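# Residue-level structural notes
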Amino acid sequence: MRTLALFTGVIMCGLSVGAYAATEVIHQRGRVFSSETLSVKKGSAVTFLNDDTVPHNIMSASKGNEFNLGSQTPGTSTDVTFKESGDVQVICAIHPRMKMMVKVTE
Amino acid sequence: MSKPGFYHAALLVAAIASTASCLVGFSTIGFGAAVVGESRKVEIPQNARSGLDALKAQYRRPVTIPFPRENPYTPEKAALGKKLYFDTRLSVTSAQSCASCHSPGFGWGDGLAVGVGHGMVNLGRHSPTIINAAWSAIFMWDGRLPTLEEQALGPIQSPGEMNMKLDQLMERLAAIPEYKPMFEAAFPGEGMKSKTLGQAIATYERTVVSERAPFDAWIEGDEKAISSEAKRGFEVFNGKAQCAACHEGWNFTNEGFQDIGLPSKDVGRGEFLPGVIKMQHAFKTPGLREITHRSPFMHDGSLATLEQVIDHYDHAGVDRPSRSDLMRPLELSAQEKADLVAFLKTLTSELGPTAVPVLPR
Ligand SMILES: [Cu+2]
C-alpha cells in the first residue's frame with residue numbers, strides 16, 4: 001500500500017514535470033512577441049523569455065490577471081501563472097507595437 | 001496603424017491608465033492577479049556577426065506611405081487637410097494654425113525650446129515634428145493619443161493651445177462658403193463635421209515625409225554620398241553608443257518610451273502608467289530625420305545642439321530607478337562624438353520649399 005502511494009506520488013510528480021516542460025514560451029526577439037495569441041489552461045504558466053538585445057517591460061492590466069515584470073534584461077526568463085479565465089491583453093510598456101492576447105480557459 | 005488591432009490597443013492603454021495604480025509590487029502579490037515566478041538567467045545564442053551590408057539593409061526607405069484602412073488617401077482629402085492645417089481660424093483667436101507650431105520652416109516644428117500656446121503662454125514640452133507621422137504607432141510625447149486623426153483634434157481643443165471648442169469651430173467653418181464644397185468632395189455624403197476635419201488634417205500630415213537625404217544615397221550604394229567621418233559615426237551609432245537600440249530603422253525610432261535621465265520633473269508616460277517604474281519620466285523616442293532643422297532638442301527643448309545631445313548620452317544623465325537600463329556612461333572619445341554628429345547630419349535632406357495654400361473665404 002505504501003509502495004502504491006509512493007508510486008502514485010512519483011507518477012504525479014512526473015506528470016507535473018511533464019506539464020512544466022510543456023510550458024508555452026513567448027520570445028521577444030526583434031521587439032515582437034513570437035505569438036499574437038496563445039491559449040492556456042487556468043492555473044498554468046507562460047514563460048516570457050527576453051531573447052532580444054534590449055530590455056522589455058512585459059505587463060498586463062487585464063482584470064484578475066494583472067502582472068508587471070518590470071524591466072526584463074536580455075537573457076532573462078520569467079514564468080507567469082494565470083489564475084482567472086478570460087482574455088489577457090499582454091503588452092510591453094516600453095514598445096507600443098508589442099502586444100498579444102493570452103486566452104485563459106477553464 | 002492600418003492594423004485592425006490598433007484601436008483595440010488604444011482601448012487597452014486607456015484601461016491600463018485606469019487600473020495601473022494597483023500595479024505596484026505585483027511580483028509579490030498573489031490574490032487577484034497572475035503569479036510571477038522567479039526570473040532565471042538564460043543563455044541566448046547570438047546571431048553570427050551580420051556585417052555592414054545586412055545592417056545597412058535595415059535602413060532602406062519605404063517606397064509607399066501607409067494610410068489606415070479607416071481613412072484612405074484621396075487627393076481631395078489631402079488638399080482640404082492642407083488648407084485646414086495652415087488656417088489660423090482653427091484657433092479661438094484666429095491667430096494660430098497647426099503650422100504655427102509645426103512649421104515647414106523649422107523641420108515641421110517651431111524652433112523653440114517649448115511650444116507657445118493660447119495667449120502666448122509657454123507650454124510644458126517641445127513641439128514635436130510631424131515629419132513621418134504616417135509611420136507612428138502612438139502619438140504625443142507621452143503617447144496619450146492612439147491615432148493621428150485624434151491627435152489632429154487634440155491641440156485645437158486644448159485650452160492651453162488653440163483653445164477652440166469643436167462645435168464652435170464647425171460653425172465658424174460652415175460660415176466660410178468655400179469650405180463646404182471641399183468637404184463634400186473629400187467626404188461624399190459625410191460633409192463637414194469634426195470627424196472629417198480630423199481625417200482631412202491627418203491625411204495631409206501623412207504626406208509630410210522626410211525627403212531623400214545623403215544617408216539614403218549611401219544606403220542605396222553611393223559610397224561618395226557621405227563622408228568617412230559619417231560612415232564611422234554610423235558604426236558608433238549602431239555599436240558602442242547603442243543609439244539604434246531605440247532610434248532604429250529608416251525613420252530612426254521604434255516609438256518606445258524611455259527615461260533618458262533628463263533632469264525634469266515631468267513624468268511623461270508615467271502619468272498613464274503610474275505603477276510602472278520605467279515609465280516615470282519616459283517619453284516617446286523621436287525619429288531623427290531632418291534633424292539639423294529641428295533644434296533645440298529633447299522633449300523639453302533643453303539641449304541646443306547635437307553636440308550637447310551626444311554629451312548627454314555620453315554621461316547618461318540622472319541615475320534614478322526609472323532611467324532606462326540602456327542609459328549608462330559610454331566613454332566616447334572626442335573623435336567618436338564628432339563622427340556621430342557627422343553621421344546625424346547626413347539624415348537631413350535638401351528640403352524643398354512648401355507652398356502655403358490660399359485659404360477659403
Ligand atoms: Cu519591449
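Note that the coordinates shown come from a computational prediction; the quantities given were computed from them, not determined experimentally.

Rules behind the numbers
Residues numbered from 1 in each chain as written. Chains lettered and ligands numbered in written order. Predicted model: local features only at pLDDT ≥ 70, side-chain atom pairs only at ≥ 80, totals over all residues. Heavy atoms only, no water. Helix = DSSP H or I, 4+ residues; strand = E, 2+ residues; numbered from the N terminus. Buried < 20%, exposed > 50% of the residue type's maximum accessible area, 1.4 Å probe, protein only. Contact = heavy atoms within 4.5 Å. Domains from an automatic or database assignment. Buried area = accessible area lost by both parts, 1.4 Å probe. Salt bridge = Lys/Arg side-chain N within 4 Å of Asp/Glu carboxyl O. Polar contact = N/O pair within 3.5 Å; in protein donor to acceptor, adjacent residues only side chain to side chain. Nonpolar A, V, L, I, M, F, W, Y, C, P; charged D, E, K, R; others polar. Donors = N, O, S within 2.8 Å, 3.2 Å for Na, K, Ca; no water. Pairing = 2+ DSSP bridges. Axes fitted to C-alpha atoms, helices over the stretch in contact; angles between N-to-C directions. pLDDT = per-residue confidence, 0-100.

### With respect to the overall build of chain A
From N to C terminus, chain A includes 1 helix and 8 strands. The helix and strand sequence of chain A, counted from the amino end, reads α-β-β-β-β-β-β-β-β. Looking at the 106 residues of chain A, the share that counts as buried comes to 50%. Sequence-distant contacts in chain A: of pairs separated by 6 or more residues, those separated by 24 or more amount to 51%.

### As for the domain arrangement of chain B
Much of the literature gives interface size as the accessible area that the parts lose upon coming together. Residue and element names in this part refer to chain B. Here chain B is described as being made up of domain 1 (75-206) and domain 2 (211-345). Between domain 1 and domain 2, the C-alpha centre-to-centre distance is 28 Å. Each partner contributes to the roughly 1,800 Å² buried at the junction of domain 1 and domain 2, and carbon and sulfur atoms together form 56% of this total. For the pair domain 1 and domain 2, the interface holds 1 salt bridge. Note that R125 is salt-bridged to D266, the shortest N-O span being 2.7 Å. At the boundary of domain 1 and domain 2, one finds 11 residue pairs in polar contact (both at pLDDT 80 or more). Grouping the constituent residues of the side of domain 1 that touches domain 2 by class yields 11 nonpolar, 7 polar and 3 charged.

### Focus on the coordination of the copper ion
Six octahedral donors at a metal ideally form angles of 90 or 180 degrees, and four tetrahedral donors ideally form angles of 109.5 degrees. Of the protein atoms, only H56 of chain A (ND1), C92 of chain A (SG) and H95 of chain A (ND1) coordinate the copper ion, at distances of 2.0 to 2.2 Å. All donors of the copper ion come from a single chain, and their spacing in sequence reads H-x35-C-x2-H.

### Remarks on the pattern of salt bridges
Applying the stated rule across the entire model yields 25 salt bridges over all chains. For R40 of chain B, the salt bridge is made with D79 of chain A, and the minimal N-O distance between the two is 3.3 Å. One end of the pair, R40 of chain B, is in strand β1 (residues 35-41); the other, D79 of chain A, is in strand β6 (residues 76-81), on a second chain. R40 of chain B gets classed as partly exposed once you look at its relative accessible area, which sits at 30%. Take D79 of chain A: its relative accessible area is 12%, and that puts it in the buried class.

### Considering the sheet that holds strand β3 (residues 45-50) of chain A
Spatial strand order, β1(A)-β3(A)-β6(A)-β1(B): 4 strands in an open sheet with mixed pairing. Of all strands in the sheet, those with a lone pairing partner are β1 (24-27) of chain A together with β1 of chain B, marking the two edges. Averaged over neighbouring strand pairs, the angle between their axes works out to 25° when direction is ignored. The pairing of β1 of chain A with β3 of chain A spans 4 bridges and is parallel. Along β3 of chain A, the bridge assignment pairs E24 of chain A with V46 of chain A.

### Quick look at the pairing of strand β8 (residues 99-105) of chain A
Residues and elements named next belong to chain A. In terms of strand pairing, strand β2 (residues 37-41) meets β8 through 5 bridges, oriented parallel. Looking at the pairing, L38 lines up with V102 of β8. Between the antiparallel neighbours strand β7 (residues 86-92) and β8 lie 6 residues.

### Some thoughts on the confidence of the model for chain A
On average, residues of chain A score 84 in pLDDT, and 79% of them reach the 70 mark or higher. Low pLDDT (under 50) marks residues 1-21 of chain A, which in the prediction has 2 contacts with non-local residues, meaning those over four places away or in another chain.

### Topic: the environment of A137 of chain B
Tracing the sequence through the fold places A137 of chain B in the loop between α4 (98-101) and α5 (148-157). C-alpha separation for the pair A137 of chain B and N254 of chain B, spaced 117 residues apart in sequence, amounts to 9.0 Å.

### Some details on the interface of chain B and chain A
Tallying the contact residues gives 42 residues for chain B and 40 residues for chain A. Across the interface of chain B and chain A, roughly 3,300 Å² is buried in total on both sides, 58% from carbon and sulfur atoms. Applying the counting rule to chain B against chain A returns 2 salt bridges. For the interface between chain B and chain A, the tally reads 13 residue pairs in polar contact (both at pLDDT 80 or more). Those elements that place two or more of their residues in the side of chain B that touches chain A are α1 (5-19), β1 and β2 (257-258) of chain B. Sort the elements by how many residues they give to the side of chain B that touches chain A and β1 of chain B lands first, with 7 residues. Taken together, the residues of the side of chain B that touches chain A break down into 22 nonpolar, 13 polar and 7 charged. Relative to β1 of chain B, β6 of chain A runs antiparallel, the two sharing 5 bridges. Within the sheet, the bridge partner assigned to T76 of chain A lies in β1 of chain B and is K41 of chain B.

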